[in-house]
Amino acid sequence: MTYVIHGATGAQGAPVVAALAAAGKSVTALTRNADAGVDGARHVVAAGYGSTAELTEAYRGADGVFVHLPVVSEEDRQTYAHNIVAAVRAARPARVVFSTSGSPIDPNTGGAAAALASGLADTGVSHAVITPTFYLENLLMPYVLDAVRERGVLPYPLRADFPAAWASHLDIADVVVALFDRSDITGVVSVGHDPAITGPDLAEAFGTHFGKDVVFEQLTPEQFRSSVAPLIGEGPAADVAGAYAAMSTLPGRPITPENSAQKLLGITPRTTGQWLTDIGL
């Protein structure tokens with residue numbers, strides 16, 4: 001049984017490769033460089049989102065494919081979504097699991113993630129769509145972690161009273177592996193803390209872990225944009241900041257318990273403290 005993993009050297013793909021390898025599965029890692037070393041992968045294949053032919057060849061005969069869209073321009077993401085769907089339709093892998101990475105999939109809202117989710121459904125291939133909201137790994141960005149360590153402050157562009165269902169890449173990997181084995185579960189699977197937690201809850205968990213007082217500091221979307229632009233580029237940073245600005249009008253971002261990983265798969269996401277311990281901080 002072979003499982004094809006996009007972004008196998010990246011933040012989302014690498015934990016999926018590791019979890020599948022730990023479960024004794026054969027993994028084909030998709031990267032931009034076929035000579036890249038990927039721990040846990042049996043095969044490494046160079047296949048780009050921009051080539052439907054390369055994706056089709058990589059997907060053909062796979063028992064499972066894990067996909068997610070990279071943080072690039074929305075125009076490129078739309079192209080990649082189209083290519084992935086075309087490759088799935090042509091190659092007919094046994095199962096596809098797509099992580100939205102927090103992007104909306106409401107067709108009325110539009111966007112590349114929505115196009116990919118609806119396109120996968122149209123292929124008729126067995127699939128599931130994982131919908132995390134916020135990644136705990138976002139809190140490892142230097143401007144956040146340095147502030148925690150140096151000033152006892154956890155800065156993030158959310159209101160202090162904004163409850164959100166956070167999850168880690170490790171949790172996503174656990175859910176992906178489980179969904180590859182559970183073809184009876186289709187459609188959307190929500191992943192995140194339930195009940196949802198707030199910024200001050202996160203700050204308290206960081207304080208407990210590091211043995212110091214940590215308080216939450218609300219950033220504006222513009223402050224956030226200028227902080228992450230050096231890491232992900234000006235265009236993607238502006239897109240992400242715009243998403244946080246739009247979220248500021250919402251009461252919160254909890255998961256839907258009825259289609260949660262907790263209910264469907266019996267998988268409960270790590271607490272913030274457990275995650276900090278598991279990643280070795």
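Residues numbered from 1 in each chain as written. Predicted model: local features only at pLDDT ≥ 70, side-chain atom pairs only at ≥ 80, totals over all residues. Heavy atoms only, no water.

Asker: It is not clear to me how the overall build of the protein chain should be interpreted in this structure. Could you clarify?
Answerer: What the protein chain contains, in helices and strands, is eleven helices and eleven strands. Against the globule reference of 19 Å for 281 residues, the protein chain gives a C-alpha radius of gyration of 18 Å, in line with a compact fold. Once the C-alpha set of the protein chain is aligned to its principal axes, its extents read approximately 50 × 40 × 35 Å. Counting over 281 residues, the protein chain shows a buried share of 49%. For the protein chain, the share of sequence-separated contacts (at least 6 apart) that also reach a separation of at least 24 residues comes to 74%. When the accessible area of the protein chain is evaluated, it comes to approximately 12,100 Å², of which 52% is carbon and sulfur surface. (Helix = DSSP H or I, 4+ residues; strand = E, 2+ residues; numbered from the N terminus. Rg over C-alpha atoms; globule rule 2.2 N^0.38 Å. Buried < 20%, exposed > 50% of the residue type's maximum accessible area, 1.4 Å probe, protein only. Contact = heavy atoms within 4.5 Å. Areas by Shrake-Rupley, 256 points an atom, 1.4 Å probe, with all protein chains shown as cover.)

Asker: Would you mind showing me how to read the pattern of salt bridges here?
Answerer: Side-chain pairs of opposite charge can arise where the charged atoms are in close proximity. Within this structure, the stated rule accounts for eleven salt bridges. With a closest N to O distance of 2.8 Å, Arg-159 and Asp-161 form a salt bridge. (Salt bridge = Lys/Arg side-chain N within 4 Å of Asp/Glu carboxyl O.)

Asker: Which parts of the structure should I look at to understand helix H4 (residues 112–123)?
Answerer: Since the α-helix packs 3.6 residues into each turn, any two residues three or four apart lie on the same face. Here H4 is twelve residues long and its end C-alpha atoms lie 16 Å apart, about the 16 Å a rise of 1.5 Å per residue gives. Where H4 is concerned, the buried positions are Ala-112, Ala-113, Ala-114, Leu-116, Ala-117, Gly-119, Leu-120 and Thr-123. Looking at the packing, one finds that the buried side of H4 touches strand E4 (64–67), helix H3 (74–91), strand E5 (96–99) and strand E6 (127–132). A positive phi of about 80° marks Gly-124, the residue just after H4. (Expected span 1.5 Å × (residues − 1).)

Asker: Hey, could you run me through the sheet that holds strand E10 (residues 187–191) in this one?
Answerer: Two pairing modes exist for strands in a sheet, parallel and antiparallel, and in both the strands are linked by backbone hydrogen bonds. An order of E3-E2-E1-E4-E5-E6-E10 is seen for the seven strands of this open sheet, with the pairing classed as parallel. Looking along the sheet, the strands with just one partner apiece sit at the ends: strand E3 (43–46) and E10. Averaged over neighbouring strand pairs, the angle between their axes works out to 20° when direction is ignored. Judged from the four bridges that link them, strand E1 (residues 2–5) and strand E2 (residues 26–31) form a sheet pairing that is parallel. Following the sheet pairing, Thr-2 is matched in E2 by Ser-26. Relative to E1, helix H1 (residues 13–22) is tilted by about 165°, and along the sheet it contacts E1, E2 and E4. In the packing of H4 onto the sheet, contacts are made with E4, E5 and E6, and the angle to E5 comes to roughly 165°. (Pairing = 2+ DSSP bridges. Axes fitted to C-alpha atoms, helices over the stretch in contact; angles between N-to-C directions.)

Asker: Any chance you could explain the environment of His-169 here in plain terms?
Answerer: With respect to the helices and strands, the residue His-169 is situated in helix H6 (residues 169–181). Taking relative accessible area as the criterion, His-169 reaches 9% and is therefore assigned buried.

Asker: Please explain unusual backbone geometry as it appears in this structure.
Answerer: Leaving glycine out, the prevailing phi sign among residues is negative, and the prevailing peptide bond configuration is trans. A cis geometry characterises the amide bond from Asp-194 onward to Pro-195, with omega recorded as 10°. In this structure, Pro-195 sits in the loop between E10 and helix H7 (199–210). Phi is positive for Arg-92, which is not a glycine, with a value near 55°. You can see Arg-92 is positioned in the loop between H3 and E5. We note that Ser-101 has phi near 60°; this positive angle belongs to a residue other than glycine. Relative to the helices and strands, Ser-101 is located in the loop between E5 and H4. The class for Ser-101 is partly exposed, based on a relative accessible area of 26%.

Asker: Would you take a moment to explain the environment of Glu-75 for this structure?
Answerer: Along the polypeptide, Glu-75 turns up in helix H3. On a C-alpha basis, the gap between Glu-75 and Ala-112 in space is 8.3 Å, while along the polypeptide they are 37 residues apart.

Asker: How do you make sense of the packing of H3 against H4 when you look at a structure like this?
Answerer: The angle between the axes and the distance between the axes are what describe a pair of packed helices. Here H3 crosses H4 at 10°, and the two axes come no closer than 9 Å. It follows from the interaxial angle that H3 and H4 lie roughly parallel. Here Glu-74, Arg-77, Gln-78, Ala-81, Ile-84, Val-85, Val-88 and Arg-89 of H3 come into contact with H4, specifically with Ala-112, Ala-115, Leu-116, Gly-119, Leu-120, Asp-122 and Thr-123. Residues belonging to the contact of H3 with H4 are distributed by class as follows: eight nonpolar, three polar and four charged. (Parallel < 35°, antiparallel > 145°, perpendicular 65-115°, else oblique. Nonpolar A, V, L, I, M, F, W, Y, C, P; charged D, E, K, R; others polar.)

Don't take any of this as a statement about function, it's just geometry.
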